[in-house]
Amino acid sequence: MTNLHSSKVLSVKNISVSAGDEPIVKDVSFDLYSNEILTLMGPSGSGKSTLLRVLNRLADLESKLNVTGDVTCCGKSIFENYSIYFLRKKIGLVFQKPCIFPGSIMRNVLFGVRHHLKLDRKEADGLAEEVLKKAHLWDEVKDRLNKSASILSLGQKQRLCFARVLAADPEILLLDEPTSSLDPHSTHEIEEALLEMKQTKSIILVTHQLAQGRRVSDRIVFLSSKEGVGRLIEQGSVEDLVSCPKTKELKRYLISEV
Amino acid sequence: MVSSIRIWKNQLFILLVYLSGFITVSLLFLGFILLLSKGFQSLSLEFLLSPMREGGISGGIFYQILGTLILAITTLFIVFPLSMGFALVKSIYIQKAFVKKTMELFLYILNGIPSVLFGIFGFFFFVKYLGWGKSWFTGGFLLAMMILPTTTLALSEGINRISSEYIENGLALGMRKTQIIFSIILPQSFSSFLSGVLLGLARAVGETAPIMFTATIFSGATIPTGVKESPILSLPYHIFNLVQESYHPQALSNAWGSSLVLIMLVILISGIALPFRLRAHEEAKV
């Protein structure tokens, strides 16, 4: 549960996204508090991934996308008061499909952070160990850090991507269906890692799996697609939303997930 | 059920593919065997290491080899940054499709210009107008212009083949564009770029027309001492002149020998670059 004394770290205010004249997401508002896991849940096409890309400004890459509304991080607008590079370091994003860069496991872990920090060998080794432990991967790779990362399994690759994002020490973690193609063991490891990370970070998780949402979330934001446009339907604690859904969209979604 | 006509067509197609491959390899092989049989008898340490005498009828081709190597290295040093810059601007920095297409069209047009026109342009612009005179630098610059399309398009193709996931993941980690270029884009496309540079360089080393107006003379040059007005000897121009004197058996024999050395130089350049290409290819693999 979100602690009552938690402070607001991210505030999404009336965000709408359109591609040219075609609206994709309309008027979505929610807050993220410190040390909580907020799950964005909803059917395909409801704009969950698009929202995540807006939050660390990867949506800026797509010239056709037009974003209105505001997102504040620690009280400051992410569109006006942050350098895009600093923002992406502060708000880390783990993608649905693990992307491994050519080279060793060690190189992959330090891939982003070595561009932000000057680390000597000892510091780099220490950091790699720390983040691999946080990502629940250390025990599986500690003897082959200098071997190619391509030999890892899909689940291990995803945890490696996790570790790579954690190495930059983000305050907020965005996770775009990180376990959608993983086996139960890897999914369990990632969920365990998320619950541990919650002690120091705030997390937004996009998932289709209601069971996963129930296992790890403090709150759920439910989005649904109406006439092809993603809208926020309901938000609240996991218990409230699952036990007494107010809208027919959420009821339908919950029935389909059972 | 697959009809017998379809099977027959399939077999015919496979046969034609093998036949074209065989003809291409055979022509290359026959050419090399002919060159080896005619040119090998002229080859000796003295031929390789001594200067030309009596207008190429006797002596060796030491300064021609040196001049050709100087031209190749100059071309390499000029074309490397130029094509890298051009390809990066075209593929990364320019966003408008129209500008990209125009730049690509410019490269294709440049690629289609006959080499003799490069020579004439180089003569009037670099040698006369800019006053560089006949020089190894002028020749190297002109050859670099000539192979620029090959190297740039090879690098552009390499960049276009990079998965957008890499770039997106790099950006999501807070990396800047220049960091992405040096950490992701160039390492990933370097193997294609090196292949393009090798293809271009192999062509440049064998070109006669552009350098005969701008860089090379037939005799009298040794080691260049300056940048301007500093001509060199070169193998392609040497061969060109010896073949014109081919009524003399020794001149013809030396022309075959020089041709074999030229081919060996091209193979040597490719051989030197091969480990770098393989390493770049290996490093780019996930």
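Here, the structure is the one placed above.
So, how was this worked out
Residues numbered from 1 in each chain as written. Chains lettered and ligands numbered in written order. Predicted model: local features only at pLDDT ≥ 70, side-chain atom pairs only at ≥ 80, totals over all residues. Heavy atoms only, no water. Contact = heavy atoms within 4.5 Å. Buried area = accessible area lost by both parts, 1.4 Å probe. Salt bridge = Lys/Arg side-chain N within 4 Å of Asp/Glu carboxyl O. Helix = DSSP H or I, 4+ residues; strand = E, 2+ residues; numbered from the N terminus. Nonpolar A, V, L, I, M, F, W, Y, C, P; charged D, E, K, R; others polar. Axes fitted to C-alpha atoms, helices over the stretch in contact; angles between N-to-C directions. Parallel < 35°, antiparallel > 145°, perpendicular 65-115°, else oblique. Left-handed = near helix turned anticlockwise from the far one by under 90°. Buried < 20%, exposed > 50% of the residue type's maximum accessible area, 1.4 Å probe, protein only. Pairing = 2+ DSSP bridges. Expected span 1.5 Å × (residues − 1). Bend = angle between axes of the 7 residues up to and from the residue. Arc of directions from axis to C-beta. Phe/Tyr/Trp six-rings, centres within 6.5 Å; stacked < 30°, edge-to-face > 60°. Lys NZ or Arg CZ within 6 Å of the ring centre and 35° of its normal. Right-handed = clockwise from strand over helix to strand, strands pointing away.

**A word on the interface of chain A and chain B**
Here is step 1 of the chain: With 23 residues of chain A at the contact, the number on the chain B side is 20 residues.
Here is step 2 of the chain: Buried surface at the junction of chain A and chain B, summed over both partners, amounts to about 1900 Å²; 63% is from carbon and sulfur atoms.
Here is step 3 of the chain: Among the residues chain A hides against chain B, the three largest losses belong to Tyr 85, Pro 102 and His 115 of chain A. Together they make up 29% of the total.
Here is step 4 of the chain: In this structure, the salt-bridge partner of Arg 53 of chain A is Glu 168 of chain B, at a minimum N-O distance of 2.6 Å.
Here is step 5 of the chain: Elements represented by at least two residues in the side of chain A that touches chain B include exactly helix H2 (84-90) and helix H6 (154-167) of chain A.
Here is step 6 of the chain: It is H2 of chain A that provides the largest number of residues to the side of chain A that touches chain B, a total of three residues.
Here is step 7 of the chain: The residue inventory of the side of chain A that touches chain B, partitioned by class, reads eleven nonpolar, five polar and seven charged.

**Observations concerning the side chain of Thr 74 of chain B**
Here is step 1 of the chain: Along the chain, the position of Thr 74 of chain B falls in helix H3 (residues 62-93).
Here is step 2 of the chain: In this structure, Thr 74 of chain B is in contact with Trp 136, Phe 137 and Gly 140 of chain B, ignoring residues within four places of it in sequence.

**What about the packing of H3 of chain B against helix H8 (residues 177-206) of chain B?**
Residues and elements named next belong to chain B.
Here is step 1 of the chain: H8 packs onto H3 with a crossing angle of 140° between their chain directions and a minimal axis gap of 9 Å. Between H3 and H8, the crossing angle belongs to the class labelled oblique. Pair H3 / H8 crosses with right-handed handedness. Seen from H3, the contacting residues are Thr 68, Ala 72, Thr 75, Leu 76, Phe 80, Ser 83, Met 84, Leu 88, Ile 92 and Tyr 93; seen from H8, they are Lys 177, Thr 178, Ile 181, Ile 185, Leu 186, Phe 190, Phe 193, Val 197, Leu 201, Ala 204 and Val 205.
Here is step 2 of the chain: Residues that form the contact of H3 with H8 fall into these classes: 16 nonpolar, four polar and one charged.

**Brief notes about the pattern of salt bridges**
All names here are of chain A.
Here is step 1 of the chain: Throughout the structure, instances matching the rule amount to 19 salt bridges over all chains.
Here is step 2 of the chain: The residue Lys 198 makes a salt bridge to Asp 218 at a minimum N-O spacing of 3.1 Å. Linking Lys 198 in the loop between helix H7 (184-197) and strand S8 (202-207) with Asp 218 in the loop between helix H8 (210-216) and strand S9 (219-226), this pair joins segments that are 20 residues apart in sequence.
Here is step 3 of the chain: Overall, Lys 198 belongs to the buried group, its relative accessible area being 15%.

**With respect to the sheet that holds strand S1 (residues 8-19) of chain A**
Residues and elements named next belong to chain A.
Here is step 1 of the chain: With mixed pairing, the ten strands of this open sheet are ordered in space as S5-S4-S1-S2-S10-S9-S3-S8-S7-S6. A single partner strand is all that each edge strand has here, and the edge strands are strand S5 (76-77) and strand S6 (91-94).
Here is step 2 of the chain: One ladder, built from four bridges, connects S6 with strand S7 (residues 172-176); its direction is parallel. Bridging across to S7, Gly 92 finds its partner in Leu 173.

**As for helix H5 (residues 115-129) of chain B**
Residue and element names in this part refer to chain B.
Here is step 1 of the chain: Helix length check: H5 (15 residues) gives 20 Å between terminal C-alpha atoms against 21 Å at 1.5 Å per residue, within 8%.
Here is step 2 of the chain: Taken as a whole, H5 carries its principal kink of about 35° at Gly 122.
Here is step 3 of the chain: For H5, the secondary structure elements touched by its buried residues are helix H4 (97-112), helix H6 (136-161) and helix H9 (209-214).
Here is step 4 of the chain: Gly 131 occupies a position one or two residues after H5 and carries a positive phi of about 75°.

**Focus on the pairing of strand S4 (residues 65-73) of chain A**
All names here are of chain A.
Here is step 1 of the chain: As paired strands, S1 and S4 are joined by eight bridges and run antiparallel to one another. Residue pairing in the sheet places Ser 11 in a bridge with Thr 72 of S4.
Here is step 2 of the chain: As paired strands, S4 and S5 are joined by two bridges and run antiparallel to one another. Paired with Thr 72 across the bridge in S5 is Ser 77.
Here is step 3 of the chain: Connecting S4 to the next strand, S5, in antiparallel fashion are two residues, including Cys 74 with a positive phi near 50°.

**Focus on H4 of chain B**
Residue and element names in this part refer to chain B.
Here is step 1 of the chain: Taking 1.5 Å per residue, 16 residues should reach 22 Å; H4 reaches 23 Å between its end C-alpha atoms and fits that length.
Here is step 2 of the chain: Of all the residues in H4, the buried ones are Met 103, Leu 107 and Leu 110. The buried residues of H4 occupy an angular sector of 65° when projected down its axis, which confines them to one face. Opposite the buried face of H4, at more than 90 degrees from it, the exposed residues are Ala 97, Phe 98, Lys 101, Leu 105, Ile 109 and Gly 112.

**Thoughts on the packing of helix H4 (residues 121-134) of chain A against H6 of chain A**
Residues and elements named next belong to chain A.
Here is step 1 of the chain: Between H4 and H6, the shortest axis-to-axis distance is 8 Å and the interhelical angle comes to 125°. In terms of orientation, H4 lies oblique with respect to H6. Here H4 runs over H6; the crossing is right-handed. Within the contact between the two elements, H4 uses Leu 127, Val 131, Leu 132 and Lys 134 and H6 uses Leu 160, Ala 163, Leu 166 and Ala 167.
Here is step 2 of the chain: Of the residues contributing to the contact of H4 with H6, the split by class is seven nonpolar, no polar and one charged.

**Things to note about the packing of aromatic side chains**
Here is step 1 of the chain: Applying the stated rule across the entire model yields 21 aromatic pairs over all chains.
Here is step 2 of the chain: Both rings, one in Phe 62 of chain B and one in Tyr 63 of chain B, keep their centres 5.1 Å apart while their planes meet at 75°; by these two values the pair is edge-to-face.
Here is step 3 of the chain: With relative accessibility at 29%, the residue Phe 62 of chain B sits in the partly exposed group.
Here is step 4 of the chain: For the pair Trp 132 of chain B and Phe 137 of chain B, a centre-to-centre distance of 5.4 Å together with 50° between the ring planes defines the contact as tilted.
Here is step 5 of the chain: With relative accessibility at 18%, the residue Trp 132 of chain B sits in the buried group.
Here is step 6 of the chain: Given the relative accessible area of 25%, Phe 137 of chain B is considered partly exposed.
Here is step 7 of the chain: Between Lys 76 of chain A and the ring centre of Tyr 82 of chain A, over which it is positioned, the NZ or CZ distance is 5.6 Å.

**Section: the pairing of S7 of chain A**
Residue and element names in this part refer to chain A.
Here is step 1 of the chain: With respect to burial, S7 is a largely interior element, five of its five residues being buried.
Here is step 2 of the chain: Burial of the side chains of S7 extends over both faces: Ile 172, Leu 174 and Asp 176 are buried on one face and Leu 173 and Leu 175 on the other.
Here is step 3 of the chain: In this structure, S7 lies alongside S8, joined through five bridges in parallel fashion. Of the residues in S8, the one forming a bridge with Leu 175 is Leu 205.
Here is step 4 of the chain: Running through H7, the crossover from S7 to the neighbouring parallel element S8 is right-handed.

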